Structure formats: C-alpha cells, structure tokens
Amino acid sequence: MTKYANLIPRFLDYVKVNTRSDPASTTIPSTPRLTDFAQRLVKDLKAIGLSNVHINSQSAYVYATLPANTDKAVKKIGFIAHFDTADFNAENIQPQIVKDYDGQSVINLDEAGKYQLDPAVFPNLKNYQGDTLITTDGTTLLGADDKSGVAEIMAAAEYLLAHPEIKHGEIEIGLGPDEEVGTGADHFDVADFGADLAYTVDGGPLGQLEYETFNAADAQVKITGTNVHPAEAKGVMVNASQVAMDFHAALPAHDRPETTEGREGFFHLYRITGDVDTAQLSYIIRDHDRQLFEDRKRLFQGIADRMNRAYGQKRLEVTIKDQYYNMREIIEKNMTVVDLAKDAMEALQIKPLIFPVRGGTDGSKISFMGLPTPNLFAGGENMHGHYEYVSEQTMERATDVLLKIVTLAEQRA
C-alpha cells in the first residue's frame, strides 16, 4: 500500500470535475467552473493543515504555505501545478483502472473497442509492466495534465505535515487556472507566492526534468476576398480561401510539427476557416533559438506583405502575439534549481531525462518574472485526448521527488 494514502483517491476525485478552460474567453479565469474548483482547493488545502491559503484576486491562483520546521536558513521552494484541462471533452470523465498491466496487451478504453491503447501505436506502454494504469473511457480526456501534479503536490504537503521529523524549509504551493489557454501565468504574482526558486509539476513520464522550452507566438491571418459570380470571375474574383492556401503553401514545407523534432522549430496551422469572401488561418510559431524565432516571425509577415503587394492592396492582415520565451535564458544563469532536482532524482535511483521541451509550461513565463521555474515530471502520457493515461506508481515517484527536493535543500543549507 502506498505511503500517500490520499494521492490516488484525490486524483480520481479531481479528474471527475470538468475544469476545461476556454480559449475564446476574455475573463480571468476563463470560465466560472475554474473559480468553483479553486474554491474547492482552498477548502482541501485548509483541511490538510496548510497556512495562508487564499485565492489571489488578480490571477485566480490558489496559494498556500507549509511553514518551515527547521532553524536553518533554507531557500523557500515553490511547487506549482495547473488545474484546468485542455480544449477537449471533459464532461462526465470516468477514469478506468487497469491493475498490473503486462506491458504488452491492448487496452480497450470503450466497450466497442473504438478507442484502444495499443503498444504498437503507443510504445511507451511497454515501460509500465506491472503498474496500475489510470485511463479514460475513450469519450473524454483524463485530466492528468495537470491534476496529477495538483494531487502530487498536495500529497507531499500532507505527508510532511504528518511527519514533522522530516526537516524542511518553508514551502510555497501555487495551483492555477488557464495554463492550457496560455493566460494563467500572465497574472501570476511572484511576490504573493513568495518562493526563492520553484518547479512546475506538469511534465510527462518518469524522470522528465525540463528547463528549455520553445519561444512561442500565436499568429492570425485574416484574408479579405472579392466574391462575384463564377461566370464573371476572371480578373475580378479574389477567392479568400484560395489566398489562404497560397499563403500556407509559401511557408517552408518541412517546418511543420509532423516533420520536425528536437530543437527544430515549426509553423503549425491549427485552424482554418473560410469561403470566397473571407478566410482566417490560425498558427502557432515555435523555435528554441530566439534569433531563429524572430526570423520565423519576419518570414511569416513577409509572405503576407509580398502577397499584398502582388494584389495591389491589403488582402492579408497578420497579427502576431508572443506567448512565452525559452526559460533556459533565465535558468542557465544559475543552475542551482535544476541541479537540486537532478540530485533528488538520482538519490531516488530515477534517471533524469533532460531535453528541450517541444512546448512550454507556466514556468516559461514565471521564470521571466524573476522566479526560476523548471518543470518536473507528473506522470501523464498522451495528454489532451482520448488516449491519455497515467501510472499510479509514477505519480508516487513524482511525490517522492518533491519530498527529496525539500529535504536535500534543508540538508545543504
């Protein structure tokens, strides 16, 4: 039986609550249900016995403190997770439990077998022989991104409160909304949080330790056409949908998510709408290198400018908004926060997996606010869809790492 009695029950309880964030919203947080869940977290954190539990009115983050129980001058360590889930069906989530998985079998998520976890398709399943897996029922996502992190942070705090013989410095906890829509950390209050160094607990498989992310921007292309009858179209019609296709075709053909890896950047077309009158293209632009990132944005704008000149008027309107930057720029100036996590994992015989993230975390923005915040594994796999799952044992190991980080920090103070 796990030493974290409430870890899995709390996780299973939390994932059943719909906390899907809304990318179209302009409110903070993006939906009322996130405020409702934040208020629930306040009650649960108080019930655990944490101090200074409150919701920050500017960010809608829930903050809490576990006071130090040592006289040493230990840096205040913060743990951060998000409780919203991605833009995918999150209504009526029914987690399925697969005990003692053999690492080879196909798991039918739904009775009809339409959705399956097949090791031939998802080879990481082979890493979980003997584990208990928590999966979806095929109709929703699971929410391990990032309610696994929420549950792990709370389990670690609960364990430390139950074991005062384990010495540690002050620990700060931040649980926030709207990470999935990229706005949650915009309003994160570093001063209110109060940590000296921090970690987001929002990564994937066992051992992930991430401190290098993409530089990221959202890019929108609005296109205005001229619609006339096709019989009289020659020299008059400008088909906005055709212009959209021409614009996309002008981007580098290789630079797409499905053909790139490692530190290779890309242009990702994630939504296209249109008819003859109007069309809109929605992209994300990504690159780990800041100069290449800026070059990508100039190329993107330049294609539109060139096409507008060819039409003799402004048919394409481009809006580019930076979202976050590569937190390595900040963290590599002082690697203490990374080294501490690396040492904690190695002390637990967990091999640290350090590689550039092809994405971002709230820590990307928070690091640029002056609080170095790399990302730790929380256990989730195949996030944001039907095939999401998490290993109970990996969640327990993630909680072990949080405890080891705070105890190592106290020992070295």
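Scoring rules and cut-offs
- Residues numbered from 1 in each chain as written.
- Predicted model: local features only at pLDDT ≥ 70, side-chain atom pairs only at ≥ 80, totals over all residues.
- Heavy atoms only, no water.
- Pairing = 2+ DSSP bridges.
- Helix = DSSP H or I, 4+ residues; strand = E, 2+ residues; numbered from the N terminus.
- Contact = heavy atoms within 4.5 Å.
- Axes fitted to C-alpha atoms, helices over the stretch in contact; angles between N-to-C directions.
- Salt bridge = Lys/Arg side-chain N within 4 Å of Asp/Glu carboxyl O.
- Buried < 20%, exposed > 50% of the residue type's maximum accessible area, 1.4 Å probe, protein only.
- Phe/Tyr/Trp six-rings, centres within 6.5 Å; stacked < 30°, edge-to-face > 60°.
- Lys NZ or Arg CZ within 6 Å of the ring centre and 35° of its normal.

**Student:** Break down the sheet that holds strand β2 (residues 62-66) for me, citing the residues and quoting the values.
**Tutor:** Read across the sheet, seven strands follow the order β1-β2-β8-β3-β9-β15-β10 without closing on themselves; strand pairing throughout is mixed. Sheet topology places β1 (51-55) and β10 (209-210) at the edges, where each strand pairs with a single neighbour. In the sheet, β1 pairs with β2 via three bridges, with the strands oriented antiparallel. Among the inter-strand pairings, Ser51 is bridged to a residue of β2, identified as Thr65. Contacts from helix α8 (residues 336-347) reach β3 (77-82), β9 (197-203), β10 and β15 (375-377) within the one sheet, and its direction differs from that of β9 by about 55°.

**Student:** Which residues make up the pattern of salt bridges, and what are the values?
**Tutor:** Pairing is possible between side chains of opposite charge, provided their charged atoms come close. The tally for this structure, following the rule as stated, stands at 19 salt bridges. Across the pair Asp13 and Arg40 runs a salt bridge whose closest N-O atoms are separated by 2.4 Å. Here Asp13, found in helix α1 (residues 7-15), pairs with Arg40, found in helix α2 (residues 32-48); they are 27 residues apart in sequence, far enough to count as distant. Overall, Arg40 belongs to the partly exposed group, its relative accessible area being 26%. One connected set of salt bridges, linked through shared partners, spans Glu212, Arg263, Arg328 and Glu332.

**Student:** Report on the packing of aromatic side chains, specifying residues and quantitative values.
**Tutor:** Under the counting rule described, the total for this entry stands at 19 aromatic pairs. Here Tyr14 and Phe37 contribute two aromatic rings whose centre-to-centre distance is 5.2 Å and whose plane-to-plane angle is 80°, an arrangement assigned as edge-to-face. Taken together, the positions of Tyr14 in helix α1 and Phe37 in helix α2 put the pair 23 residues apart, joining distant regions of the chain. Residue Tyr14 shares its accessibility class with Phe37, and that shared class is buried. Geometrically, the ring pair formed by Phe247 and Tyr283 is edge-to-face, given 6.1 Å between the ring centres and 65° between the ring planes. Taken together, the positions of Phe247 in helix α5 (residues 240-250) and Tyr283 in strand β13 (residues 278-287) put the pair 36 residues apart, joining distant regions of the chain. One exposure class covers both Phe247 and Tyr283, and it is buried. Sitting over the ring of Tyr159, Lys3 keeps its end group 5.2 Å from the ring centre. Over the face of the ring belonging to Phe37 we find Lys147, whose NZ or CZ atom lies 5.1 Å from the ring centre.

So yeah, pure geometry; function would need other evidence.
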